[in-house]
Amino acid sequence: MERLDRFMARANAAYYATRDPYADFTTAPEISQVFGELLGLWAAVVWESLGQPDPVLLAEAGPGRGTLMADALRAIQQGAAGFGAALRLHLVETSPRLRAEQARRLPVASWHDAIESLPAGPLLLIANEFIDALPVRQFVRRGANWTERFVADGGVVEQPSSALTLPSPGGKGFPPPLPSGEGRGEGLVVERCEPALAIARHLGARLAATGGAALFLDYGPDQSTFGESLQALRHGRPADPLTEPGSADLTAHVDFGAVAAAARAVGSAVYGPVPQGLFLARLGLFQRTDRLARGQPPQRAAALIDAARRLAEPHHMGRLFKALAVCHPALAVPPGFEP
Ligand code: SAH
């Protein structure tokens, strides 16, 4: 019997170490080069508002193939050469396989196992679809108590748990308030991603102390909600997450409300979550795509425009995906998060 989050951590470490995740799913930077370009220019604008520190750390957590950062650096060299000269590139990646792929595209980077081991100094951090891969615990409401889910022989087992308490009456946040009345939420499931909360606390304190900003793009609800979102993709198709660990990509929705609260509690300013479609449109997704499409053969131009739509349209990735920024409290509102 293994606690669900430990099972998920083990399964994903094996998965990312041995498989090509892009055979199972695609991500925004793989859909359009404009995604990484816009995030690079986002970092350049935030660097300006930090007072152009030199050197400055530009970091990415979970860089996958390195596509996002390669696109970002190209846009930075073209449009923000001062930032390009000041930045030192740091990547947080645990998979040796993906590190090797990143090194081919980003030979000047340094690698780290965890966000907590990045060197000190002003920091700009980007993470796309990183938090959703971090392990979650699941708790189930039973009577007046909670149980926790464990994995045994490919199925779930519930054990009594005292790791979760209800918020104070009327209090918001995590776990969300139980419905009133008959049954009081019997059987409701709630997920808690402890590594995400630890990262939010670490970055919230670090950014408030030594300056900078972190940008997370991922999918999930604005506020903590009940429900289980753990899912698996094997060979590109939905699969049972609890069997054959390491053969499927396991993800869970990001609880943006809980991440934001954890970073705020230690002194950082938090902006968002803003739906990805709105965020990218504000950064100029369609203008930049149109400029790129101009002068291309018609088929290529149509593909570029189609890719931008996939990132931004509500029924594609525009609404479920969201952007959240954690910033030094004195920093100007970062681009895309204007009220
Ligand atoms: N950002 C990329 C990849 C997303 S997949 C993209 O948008 O395409 C998740 C990435 O996070 C992979 O690079 C994976 O190896 C990495 N990863 C997963 N768990 C991690 C952990 N605990 N620590 C560091 N990296 C991790």
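Refer to the structure printed above.
Residues numbered from 1 in each chain as written. Predicted model: local features only at pLDDT ≥ 70, side-chain atom pairs only at ≥ 80, totals over all residues. Heavy atoms only, no water.

Novice: Residue-level account of the pairing of strand β15 (residues 321-327), with values.
Specialist: With seven of seven residues buried, β15 lies mostly within the body of the structure. Here strand β14 (residues 269-275) runs beside β15; their pairing, made up of five bridges, is antiparallel. The residue bridging V274 from the neighbouring strand is A323, located in β15. (Buried < 20%, exposed > 50% of the residue type's maximum accessible area, 1.4 Å probe, protein only. Helix = DSSP H or I, 4+ residues; strand = E, 2+ residues; numbered from the N terminus. Pairing = 2+ DSSP bridges.)

Novice: Account for the environment of T225, naming residues and giving values.
Specialist: Along the polypeptide, T225 turns up in the loop between β10 (212-219) and β11 (231-234). Separated by 104 residues in the primary sequence, T225 and G121 place their C-alpha atoms 36 Å from one another. Discounting chain neighbours no more than four positions away, the residues touching T225 are P176 and V190. (Contact = heavy atoms within 4.5 Å.)

Novice: For the pattern of salt bridges, give the residues involved together with the corresponding values.
Specialist: The tally for this structure, following the rule as stated, stands at 16 salt bridges. Notably, a salt bridge pairs E37 with R288, separated by 2.9 Å at the nearest N-O pair. Here E37 is found in helix α3 (residues 33-49), whereas its partner R288 is found in helix α10 (residues 285-293), with 251 residues between them in sequence. You can call E37 buried: its relative accessible area is 3%. E194 is the partner of R192 in a salt bridge, and the nearest nitrogen-oxygen pair spans 2.9 Å. (Salt bridge = Lys/Arg side-chain N within 4 Å of Asp/Glu carboxyl O.)

Novice: Can you lay out helix α1 (residues 4-18) for me, pointing to particular residues and giving the numbers?
Specialist: Given a rise of 1.5 Å per residue, 15 residues ought to cover 21 Å, and the 21 Å separating the end C-alpha atoms of α1 matches this to within 8%. Of all the residues in α1, the buried ones are L4, D5, F7, M8, A11, N12, Y15 and Y16. Looking straight down α1, one finds that the buried residues subtend no more than 150° of arc, so they occupy a single side. Buried residues belonging to α1 abut β1 (2-3), α6 (96-105), β6 (137-142), β7 (145-152), α7 (194-210) and β13 (249-251). (Expected span 1.5 Å × (residues − 1). Arc of directions from axis to C-beta.)

Novice: Tell me about the environment of R105, and name the residues and values.
Specialist: Note on placement: R105 falls in helix α6. Using a relative accessible area of 42% as the deciding quantity, one classes R105 as partly exposed. Sequence-wise, R105 and T67 are 38 residues apart; in three dimensions their C-alpha atoms are separated by 7.7 Å. Beyond its immediate sequence surroundings of up to four residues, R105 is in contact with R65, G66, T67 and A70.

Novice: Residue-level account of the nonpolar core, with values.
Specialist: One finds W42, L58, F83 and F279 to be the most contacted residues of the largest nonpolar core, which totals 50 residues. Sorting elements by how many residues they give to this core places α3 first, with nine residues. Among all residues touching F83, those that are not within four sequence positions of it are G40, A43, A44, W47, V56, L58, I76 and L124. A61, A200, A214 and A262 belong to the second-largest nonpolar core, a separate cluster that totals 43 residues. (Core = buried A, V, L, I, M, F, W, Y, C linked by side-chain atoms within 4.5 Å.)

Novice: Can you break down the packing of α1 against α6 residue by residue, with the values?
Specialist: The interhelical angle for the contact between α1 and α6, taken along N-to-C directions, is 40°, at an axis separation of 6 Å. Relative to α6, the element α1 is oriented oblique. Here α1 contributes Y16, A17 and T18 to the contact with α6, which in turn contributes P96, R97 and L98. Per-class residue counts for the contact of α1 with α6 are four nonpolar, one polar and one charged. (Axes fitted to C-alpha atoms, helices over the stretch in contact; angles between N-to-C directions. Parallel < 35°, antiparallel > 145°, perpendicular 65-115°, else oblique. Nonpolar A, V, L, I, M, F, W, Y, C, P; charged D, E, K, R; others polar.)

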